[in-house]
Amino acid sequence: MHYADNVDYPRLLSRPSIYGPGLAILFGVLLYAQAGATSLGQALAGLLGLADGSPLAANLVMALAVTAVVAINVAVVMRLSLKHQVYAVWAELAVLVLLFFYSFDLSFEFIQRKIGFLLTQGLVTTLYVSAISIMIASILAMIGAVAKLSSNGIALGIANFYTSLFRGLPLLMQIYMIYLGLPQLGYVINAVPAGILALSLCYGAYMTEIFRAGIESIPKGQWEASRALGLKPKDTLTRIILPQAMRIIVPPTGNQFIAMLKDSSLVSVVGVWELMYLARTQGQTEFRHVEMMITASLIYWILSIVLELIQARIERRFNKAQTR
Amino acid sequence: MIQKQKLSLVEAPPEPVGAVPAVQIKSLSKWYGGFQALKDVDLTIARGEKLVICGPSGSGKSTLIRTINALESFQEGRIIVDGIELTRKPEAVEAVRKKVGMVFQQFNLFPHLTVLENCTLALRLVRGVSQKEADERALHYLGKVRIPEQAHKYASQLSGGQQQRVAIARALSMQPDIMLFDEPTSALDPEMVKEVLDTMTQLAGEGMTMAVVTHEMGFARQVADRVVFMDRGEIVEQGSPSEFFSNPKEPRARAFLSQILH
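Residues numbered from 1 in each chain as written. Chains lettered and ligands numbered in written order. Predicted model: local features only at pLDDT ≥ 70, side-chain atom pairs only at ≥ 80, totals over all residues. Heavy atoms only, no water.

### Details of the overall build of chain B
Stated formally: Here a helix means four or more residues in a row that DSSP labels H or I, a strand means two or more in a row labelled E, and each is numbered from the N terminus. Three labels apply to residues, based on accessible area from a 1.4 Å probe with only protein chains included: buried if under 20% of the type maximum, exposed if over 50%, partly exposed otherwise in between. A contact between two residues is defined here by any heavy atoms of the two lying within 4.5 Å. All accessibility values rest on the Shrake-Rupley procedure with a 1.4 Å probe; residue burial counts only the protein chains present in the view.
Per the secondary structure count, chain B includes 9 helices and 10 strands. Along the first, second and third principal axes, the C-alpha set of chain B runs to 50 × 45 × 40 Å. Taken across its 262 residues, chain B has 57% of its residues classed as buried. Intrachain contacts of chain B at a sequence separation of at least 6 include 65% that bridge at least 24 residues. Accessible surface, chain B: about 10800 Å² in total, of which carbon and sulfur atoms supply 50%.

Rendered as structure tokens:
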């Protein structure tokens, strides 16, 4: 825990008043949701020779079985150390998600045939569109935040209008407006630059607010000490304020990066061959939509995990000196 | 020192012959909206003078010394630091801040930098001193405040008293002519007040011009050449410490001293 108290409260799940009713509620929900009608429920009923019996019997057996598994699982996991609890729960949930996907009766032969193209064309496009957009968005956000904190009316006006417009319009609309609207002004723009521009502008607007809040969170005394020493405004910002503000800025910015990674799929509407576009079109040819969608989803997930790990690293770096 | 003669009420002390005063404040007024924080303040600080400014909270004493290095603005009057007229022009403010060092109540050390980096950053960026020379100079002053061994720690690893001494060393590293102290011991635990006051006393002994806002009357008695008492934005009374503490003339000063000295 972030800042645990020094009291050994009885653990939530070890309290009979929570554990018992919790299992009872799970049992009730499973019963109500007709757990026996699921494929797993049918298989279990068949095994016990209840396949031709009443649905109620199958429901009861299935609900009981699942509740028992959960009860034993919780009892076992509770005995592990904190670190191992996290690993165990993570692994179990991941297996459940994968089992859920597996239950769709996927054609792995098809996935194997298509994944190469999905990676070399789709993933690569997604990665470079996202990476370039993230870089431009960060620069826009920095400029926007400084403008919002300045006493320059023109800069303030532009920054306010920018964040209002680009946070206010749907991203899909922005992509269309840039791709289809700019040619109206006589400037024809390709699909990829249009997508990158829309993503940068939209996420730059969100991140402007994050950067502004981060800068504002630094106490006034830091500005004063820096000014009293004679540092110029530029040095005060880049050497004193921003390095401290990064601690506040990094976690929500990591969020934005992950969100942008997935929102980059929206540029498929203007025909950019990124991951989601290929997943859709490749799936269509052989009516294997689900295979491609699940493959693409898992690729996005893995990318997000990588970003999460990078974010954790950066956070550790900026937290180094600051236990206060 | 120069300012040992008796001084009459509210009148600026006579200027030493042949020397520009360290700070001249003339008819200074400041408003926060409709509230007047400083009312027509006149104050001259001579070179090498140790000035203690006291008064109840909200009396404008912090505001006054913060105007000297332009951390606070003012609407009327003039401030002249070492012959430089303080305006809002970048050159004027830069020139004044080069002459003036400041120590804050909350230390305001830079938490993302080590103690040594706290002391060298401005030297390198503002004065263009090389890294090596800046390190040497910073270590010299860290030695003077008796914490050279903490140079590579971060501020959060030091006690309050140590942090404030680092803040003093950081200001001294810039080799200012005038040092401003804004309640330097008010945020400290009682047992750490002395180590900071000792450092300031030592600095005073070396002839630094100092303006100190403080409630430490023992320090004022021992070190100050002159005590200025402020209330409601104006200088009510000033004089030598012996005069001010033994025989305050103004009722407001008497009331303040009876509260603070018990």
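Still more to cover.
### Points about the pairing of strand β9 (residues 226-231) of chain B
Residue and element names in this part refer to chain B. As a reminder, the rule being used: By this definition, two strands are paired if DSSP reports at least two bridges between them.
Most of β9 sits out of view: 6 of its 6 residues are buried. Side chains R226, V228 and M230 of β9 all project onto a buried face; the interleaved residues V227, F229 and D231 project onto the opposite face, where all are buried too. Both strand β3 (residues 50-54) and β9 contribute to a ladder of 4 bridges, which runs parallel. Across the sheet, the residue bridging to C54 is F229, located in β9. Relative to strand β10 (residues 234-239), β9 runs antiparallel, the two being bridged by 5 bridges. Bridge pairing in β10 links F229 to E237. Once β9 ends, the chain turns through 2 residues before running back antiparallel as β10, passing R232 with a positive phi of about 50°.

### Considerations on the side chain of Q174(A)
Residue and element names in this part refer to chain A. Tracing the backbone through its elements, the reader meets Q174 in helix α7 (residues 171-181). You can call Q174 buried: its relative accessible area is 2%. Among residues more than four places away in sequence, those in contact with Q174 are F166, L169, A198 and C202.

### What about the confidence of the model for chain A?
As a reminder of what qualifies: Every residue is assigned a pLDDT by the predictor, reflecting its confidence on a scale from 0 to 100.
In this model, chain A carries a mean pLDDT of 90, and residues with pLDDT of at least 70 account for 98%. Helix α2 (residues 39-47) of chain A is the least confidently modelled element of chain A, averaging 83 in pLDDT, while helix α9 (residues 220-228) of chain A averages 97, the highest of any element.

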